[in-house]
Amino acid sequence: MLRHRSLARQIMRCTKRATCIRRNHSTSENSVQENYIRNIGILAHIDGGKTTTTERMLFYSGKTHVLGEVHHGNTVTDFLVQERERGITICSAAVSFDWRDHRINLLDTPGHIDFTMEVEQSLAAVDGTVVILDGSAGVEAQTVTVWNQADRHRLPRVVFVNKMDKENADFEGCLQDLRKKLGVMPLPIQIPLMEKGKLAGITDILSATQIIFDKNSHGRLYKRVPLAEEALTDAQDRLYETIDVLSGMDDQLAQAIIESDSMDNINPELVLNAIRSCTMKQQIVPVLLGSAYKNIGVQLLMDAVLRYLPAPNQRNQIYDCFGSDFVGKVSKVTHDKQRGPLSLIRVFRGTLKKGAKIVTAKGASENIQRIYAPWADEYREVTSIGAGNIGLCAGCKSTVTGDLVVSNTASLRSALKKLNASENSEADNDVDEVLATKLSLQTVVPDAVYFCSIEPPSTAYQSALDNALKEIQREDPSLRVTYDETTMQTVLGGMGKLHLEIIKSRILTEYKIDVDLGVLQIAYKETLGESCRGSWTAEKEIAGHKQFVQMELTVYAKKHDEKFRLDNSPDSHENLRLIRPRQMSYIKKGALAALERGPKLGGQLMDVAITLHSCTIGKGTADTFIMAATAQCVRHVLSSANVRLMEPIMLLEIAMPSEYLNAILADLGRRRCTVLDVNSRGHQHKVLRANAPLAELEDYSSEVRCISSGTASVSMEPNGYVLLNEMDEESAIRKAHGLE
């Protein structure tokens, strides 16, 4: 027991030393060395406590002097009118603060599924994330979604189990959820300290101490108390379990245990280094706990961010090919009334200075007029941002989310040559392909699930509305804006009803245009029941020149294959080899464009491919005519094909008291739902998961609350598309045409 106390004290000393080291550099805004920077994103299900946790971090770091509260509408990161009215985060917001001589750049992200694009944009700018769980709910539907997004970006994570002050909070249940639902290895380094069934503090396993937070100072002050014998025994067992798990992943720790033949005599720095190393490799996830609202545990979470999450120079080695030249990435674009468009740029190498000229990977030239340090909707001008930091840049007119920005085109060409040479590939590879595959510049934009028309109050506002939609779409790539030539209307596509309502509200408050939204429609997709072959001839005289295209093609159902291919049979090959490469590129563009609108409801065609058998192009035929003729041919073939509708399916997760389970199951049965599973959460609560058609879920959250007398909660996320049967398809078409 004494040896355990000694090991715990040594670990605590090493912990303090690791987080309190002084940096040997200037204290100016942009001279912070990369070792002392942490770029993190805060992720969670809606109402998990992201914004409250962020507010506590700002308060304890001394950046703010008043605790902002979501329900009071005075938080730093929820600054939009719509956010403060609804009490939710809609747009991700960036803030920077200092903690223990480190700089933390933090992005607070939304938890609602309708704004998942904001999360995607934020993850491109960070090096690690803090995932927050509701201690009473565990891993919820949107938690799984954001976790998978972090997986795609290969980001190390720390989990903070929040709201442990709730009566039904279950720390061990949260650990089980992490293992079962996310398939990860949680490593709890804290356990809750309970007194009379309430959270009184935190037991730190590594230091074998109880941590008590002072209520009178809003949790700013806290003290460490040695554990009593009984609690010490439990902490000792957990510490040995932790070391045992780590030794199976970290060779240095395993070797030290073998050499000392004991877990008590190992160097405590090896334990902390092993946790950090395994976290960076994403082999484990350190788990901490607390209650942000009750001011418990947030400082320890901030310490864990410094201790276990990577510094910028420990990731993104792919950008070493740029040397000391500037290279950065645009992770988000916002619009400010006074400053115009502002691009949030993460700098990977070099330094970006005020007044500098930069170019995008697409060749567009930009002039950096001003640079601001991120602080939600407030702006503090700085002269430059260095490697590893994040800044808002004014003056970029054409940048969009995902753009790579460099100092000049020569630097980009040199970097791409080094990339190709390092992988023994051809130096003349397609630039777009290299940027997408090697520099990970793909921006994953989710499909729209709802659409509706939008109209200004009068034609005098049409130009202003078009400009507003253009700016909002640049900020939010998940908003789809199209013009329907048939109805002569502008059509919005969004992630959900709330998403489109927020767009309407923003247009009114920010652009002073009182627009009208049409009836909300489901974004159905279309597919083929069987292949269909056909031909088309397009002939027209334009400006005295005869335009002629004749082609034959087949549209067919095909998954995970090229959407456009050429017939390789001898007869077809002989004909198609006469087509010039430039002309063939326009044929492909026209064919793929035609697959964006199906013949039934204008939905995008899923799992459909095209095979071109023959094509004859008259001399002097314009490229644009070739593209249009191809699209007409595809539409002609589709008009006689067996096209089927596919409807979007949502994954529902409903948490409820046990007594309401049967009533909710009966209601789901009337909505064409498929129940996946029902699990227990605590003694008197159930969690139901089901697949449900989106068309059956209008105002479903309100109905669930009515059925359960306000005690149940529901969350949902897109879960693919399924074929409609003939009866449901006919009903969907009638509803879309306003006949039902």
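For clarity, every value in this text was computed on a predicted model and none was experimentally measured.

The rules behind these values
Residues numbered from 1 in each chain as written. Predicted model: local features only at pLDDT ≥ 70, side-chain atom pairs only at ≥ 80, totals over all residues. Heavy atoms only, no water. Pairing = 2+ DSSP bridges. Helix = DSSP H or I, 4+ residues; strand = E, 2+ residues; numbered from the N terminus. Axes fitted to C-alpha atoms, helices over the stretch in contact; angles between N-to-C directions. Expected span 1.5 Å × (residues − 1). Polar contact = N/O pair within 3.5 Å; in protein donor to acceptor, adjacent residues only side chain to side chain. Buried < 20%, exposed > 50% of the residue type's maximum accessible area, 1.4 Å probe, protein only. Contact = heavy atoms within 4.5 Å. Arc of directions from axis to C-beta.

(A) Main features of the sheet that holds strand β10 (residues 222-226). Strands sit in the order β7-β8-β9-β10 across an open sheet of four strands; the sheet is antiparallel. Single-partner strands in this sheet number two, and they are β7 (190-195) and β10. Each strand of the sheet is rotated relative to its neighbour by a mean of 35°, with strand direction disregarded. Where β7 meets strand β8 (residues 198-204), six bridges bridge the pair, whose relative direction is antiparallel.

(B) The arrangement of helix α6 (residues 171-182) in detail. Taking 1.5 Å as the rise per residue, α6 with 12 residues should run 16 Å; its terminal C-alpha atoms sit 16 Å apart, in good agreement. Put simply, D170 is the residue that caps the front of α6, since its side-chain oxygen is 3.4 Å from the backbone nitrogen of E172. Just beyond α6, the residue with positive phi is G183, at close to 65°.

(C) Quick peek at the environment of K525. Here K525 is to be found in strand β27 (residues 525-528). Overall, the relative accessible area of 8% leaves K525 in the buried class. Each C-alpha atom of the pair K525 and P648 lies 8.0 Å from the other, and the pair is 123 residues apart in sequence. Discounting chain neighbours no more than four positions away, the residues touching K525 are D447, Q604, M606, R644, L645, M646 and Y721. At 2.7 Å, the side chain of K525 forms a polar contact with the side chain of D447. Polar side-chain contacts of K525 include one of 3.2 Å to the side chain of Q604.

(D) Examining the side chain of H102 more closely. If you trace the backbone, H102 turns up in strand β3 (residues 102-108). A polar contact is formed between the side chain of H102 and the backbone oxygen of R100, at a distance of 2.9 Å.

(E) A look at helix α8 (residues 251-260). Of the positions making up α8, those classed as buried are L253, A254, A256 and I257. The arc that holds the buried residues of α8, viewed along the axis, is 160°, so those residues lie on one side. Turned more than 90 degrees away from the buried face of α8, the exposed residues are D251, Q252, I258 and E259. Buried positions along α8 lie against α7 (229-247) and α9 (268-280). At the N-terminal boundary of α8, the capping side chain belongs to D250, with an oxygen 3.3 Å from the backbone nitrogen of Q252. One or two positions beyond α8, positive phi appears at D261, with a value near 55°.

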